[in-house]
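Observations on chain architecture
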Amino acid sequence: MDVDHIARAQLLEGIEALAGARSMDAIVDVVRRYARDIAGADGITVILRDGDFCHYVAEDAVGPLWVGGIFPMGDCVSGWAMLKRETVVIPDIYLDTRVPHEVYRPTFVRSMVMTPVGAPDVTAAIGAYWAEMWTPSEATVERLETLARCAAIAFEHVRLLGMLHESNQSLEQRVDARTAELQQQIDERDRLEDTLRQMQRLEAVGQLTSGVAHDFNNLLTVILGNLEFLQRDSSHAGDPKFGRRVANMKAAAERGAKLTAQLLAFSRRQRLEAKPIDLNESVSNMQDLLRSSMGGSVQLELVLHPQLWPAMVDQTQLELVILNLAINARDAMQVGGALAIETANAVVGAPERPEEPAAGDYVVVSVADTGTGMSDAVLTRAFEPFFTTKEVGKGSGLGLAQVYGFAKQSGGGVRIETRIGEGTVVKVYLPRVVETAQAAAPVDVAAAHELVPGSKRVLVIDDDSAVREITVSLLQRMGCSVQDAGSGGAGLDLLARSDAAFDLVVLDYAMPGMNGADVARAIAKEFPTLPVLFVTGYADLTALRDIGEERIAQKPFHQPDFAAKVKRLLGVEAGGSNVVALRR
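The present account deals with the structure reproduced in this document. (Residues numbered from 1 in each chain as written. Predicted model: local features only at pLDDT ≥ 70, side-chain atom pairs only at ≥ 80, totals over all residues. Heavy atoms only, no water.)

**Quick notes on the overall build of the chain**
For clarity, the cut-off: Going along the chain from the N terminus, every DSSP run of H or I of four or more residues is numbered as a helix, and every run of E of two or more is numbered as a strand. Buried, partly exposed and exposed residues are distinguished by accessible area as a fraction of the type maximum, computed with a 1.4 Å probe on protein chains only: under 20%, between the cut-offs, and over 50%, respectively. The contact criterion used is simple: two residues touch if any of their non-hydrogen atoms lie within 4.5 Å. What sets the accessible areas is the Shrake-Rupley method with a 1.4 Å probe; for residues, cover comes only from the shown protein chains.
Looking only at helices and strands, the chain has 16 helices and 18 strands in total. Going through the 584 residues of the chain one by one, you find that 44% of them count as buried. Once local pairs closer than 6 in sequence are excluded, the contacts in the chain between residues at least 24 apart make up 68%. Carbon together with sulfur atoms contributes 52% to the accessible area of the chain, which is approximately 29600 Å² in total.

**A closer look at the packing of aromatic side chains**
How we decide: Only Phe, Tyr and Trp rings are paired, with Trp represented by its six-membered ring, and only when their centres lie within 6.5 Å; those with planes under 30 degrees apart are stacked, over 60 edge-to-face, the remainder tilted. Two conditions define a charge sitting above a ring: the NZ of Lys or the CZ of Arg must be within 6 Å of the ring centre, and it must be within 35 degrees of the ring normal.
Under the counting rule described, the total for this entry stands at 5 aromatic pairs. With a centroid separation of 5.8 Å and an interplanar angle of 65°, the aromatic rings of Tyr56 and Trp66 are classed as edge-to-face. Of this pair, Tyr56 sits in strand 2 (residues 53-61) while Trp66 sits in the loop between strand 2 and strand 3 (70-72); the two residues are 10 residues apart in sequence, bridging distant segments of the chain. Where Tyr56 meets Phe71, the ring centres are 5.6 Å apart and the plane angle is 85°; that geometry is what we call edge-to-face. Of the two residues, Tyr56 is situated in strand 2 and Phe71 in strand 3; the sequence distance between them amounts to 15 residues. Classification of Phe71 by relative accessible area gives partly exposed; the value is 23%. Through successive ring pairs, a cluster of aromatic residues spans Tyr56, Trp66, Phe71, Tyr104 and Tyr129. The ring of Trp80 is capped by Arg98, whose NZ or CZ atom sits 4.6 Å from the centre of that ring.

**Some words on the sheet that holds strand 2**
The condition that has to hold: Each pair of strands is called paired provided DSSP finds at least two bridges between the two strands. In this description, a line fitted to the C-alpha atoms serves as the axis of each element, helices being fitted only across the stretch in contact, and the angle between N-to-C directions of two axes falls anywhere from 0 to 180 degrees.
Pairing is antiparallel in the open sheet, where 6 strands are placed in the order 3-2-1-6-5-4. Two strands lie at the open edges of the sheet, namely strand 3 and strand 4 (88-90), each paired on one side alone. Each strand of the sheet is rotated relative to its neighbour by a mean of 20°, with strand direction disregarded. Bridge count between strand 5 (residues 111-117) and strand 6 (residues 124-130): 7 bridges; the pairing is antiparallel. Counterpart to Met112 in the pairing with strand 6 is Tyr129.

**Section: the pattern of salt bridges**
Convention followed: Basic side-chain nitrogens of Lys or Arg form a salt bridge, by our definition, when they fall within 4 Å of a carboxyl oxygen of Asp or Glu.
In the structure shown here, the tally under the stated rule is 16 salt bridges. Between Glu417 and Lys427 there is a salt bridge, with its nearest N and O atoms 3.3 Å apart. Residue Glu417 is found in strand 12 (residues 413-419), and its partner Lys427 is found in strand 13 (residues 423-431); the two are separated by 10 residues along the sequence. A relative accessible area of 22% means that Lys427 is categorised as partly exposed. A salt bridge links Asp484 to Arg468, with the nearest nitrogen and oxygen atoms 2.9 Å apart. Linking Asp484 in strand 15 (residues 481-485) with Arg468 in helix 13 (residues 465-477), this pair joins segments that are 16 residues apart in sequence. Judged by relative accessible area, which is 40%, Asp484 ranks as partly exposed. Judged by relative accessible area, Arg468 falls into the buried class, the value being 15%. Each of Asp29, Arg32 and Arg33 takes part in one network of salt bridges that share partners.

In structure tokens:
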């Protein structure tokens with residue numbers, strides 16, 4: 001087989017090998033392995049362009065050449081070939097001024113061919129060298145140029161593969177980033193849906209409990225009213241056993257009234273008497289009560305903010321909330337432990353859970369214990385009414401439910417921070433006072449028991465006959481002349497048919513058909529000067545929010561308060577205008 005045939009065969013193998021090369025190093029290695037046989041030379045080099053320099057990266061020769069060397073493009077033949085984009089044929093290197101003779105003298109080279117690789121951008125060169133003066137044939141030069149063109153295609157292929165790989169990586173990164181963003185949005189949506197479900201569940205339970213509490217308050221009104229009458233009944237004045245029994249029954253009924261108040265607090269249908277208070281003073285005044293409730297084994301600490309903002313809140317309900325939280329904390333600390341009550345000012349952002357306050361300024365009272373803490377499962381249900389982790393008979397499950405309802409109805413919220421085995425902190429957020437409101441006048445209990453002078457006509461409208469009987473009896477004992485009606489329509493008809501004018505209407509709010517608000521609007525239209533006193537097991541906060549506290553009596557009645565409000569509206573005591581304005 002002649003030399004040209006071998007060279008052509010090597011060229012074909014080299015081209016095939018270049019087609020499979022997937023990196024710069026692989027291309028250089030293929031050229032190094034095949035170029036010498038293709039050219040029939042004594043040695044070859046592979047040169048890569050590196051900016052303005054020529055980097056000799058590979059060689060295959062009978063003697064050492066310049067592998068690893070880096071030369072300026074203007075000082076070497078490879079640089080000239082790459083800059084001119086043409087093949088250089090030099091039969092005698094010592095007769096060509098382009099050759100740096102001092103560099104070539106230590107080598108075997110006497111003649112050479114230098115072929116650029118790449119077009120239009122030249123990225124490399126292939127050098128073929130002979131030990132004797134030699135003018136290679138056109139076929140030899142053509143084979144080298146063919147190898148160079150194929151190498152250029154391979155280099156471009158590798159470059160494009162690199163760009164594709166970078167593009168794929170960039171795309172993968174963008175996909176990962178977008179996936180993470182979408183997952184975050186999904187997680188946020190799931191969190192919001194969980195929050196909405198929790199709010200809907202609490203609202204549904206709140207509606208249920210408010211209805212139960214309303215009916216229970218009607219029952220308690222009848223029970224407590226009759227017990228009050230029995231206590232005043234002179235025929236049993238000398239029977240101590242009877243007196244004790246009545247007192248026990250009354251105490252039990254009052255406990256039921258307290259339980260009902262807790263239900264209404266959760267459902268946010270309890271009428272609150274909010275006013276500006278100094279929270280530090282309220283907490284300080286509770287020290288003795290708290291210490292006696294905690295027992296000697298619990299260490300109590302008060303941490304009061306020296307520049308605390310005033311809070312707008314019902315002080316009585318707030319004290320019940322603090323006491324409830326303190327008792328819960330005591331029960332969570334099996335033996336001893338530390339209880340800290342702290343006040344602070346707080347500016348909070350958007351809420352993350354339904355029980356948390358809206359963004360704004362708040363006064364905070366925190367109750368922290370060193371007890372067992374809550375698990376995530378317990379924390380999720382902590383504000384549900386009747387949910388408790390205590391043993392049967394040791395807790396109603398209404399403590400935190402009352403805290404939740406009270407805080408929300410007051411315009412604030414609650415946050416719980418807990419860790420298993422370390423303890424729990426319950427933070428109650430109360431609205432900051434912007435303007436100081438004028439304090440309401442206290443009830444004169446002694447004056448409330450005095451009889452109404454003269455004959456005052458009062459109309460009682462209530463659909464519950466037993467409650468209506470109690471209300472009528474209370475008013476009659478006060479000296480009033482009383483008539484009653486079992487519905488709003490009947491009451492309006494009685495007003496219209498009565499020959500003598502009435503001085504006051506005592507009106508139940510929650511009635512079928514026309515409720516108290518509807519009846520009051522009809523009364524205001526036909527009898528604009530006739531005062532109305534609402535009696536209710538719970539107050540509709542939308543319809544009655546503009547009605548003063550002196551025009552609302554909560555069931556079950558606290559008789560001195562009820563009597564005092566009746567007297568004010570009858571004009572027996574000073575109290576201003578008695579006309580009721582209802583929001584439509």
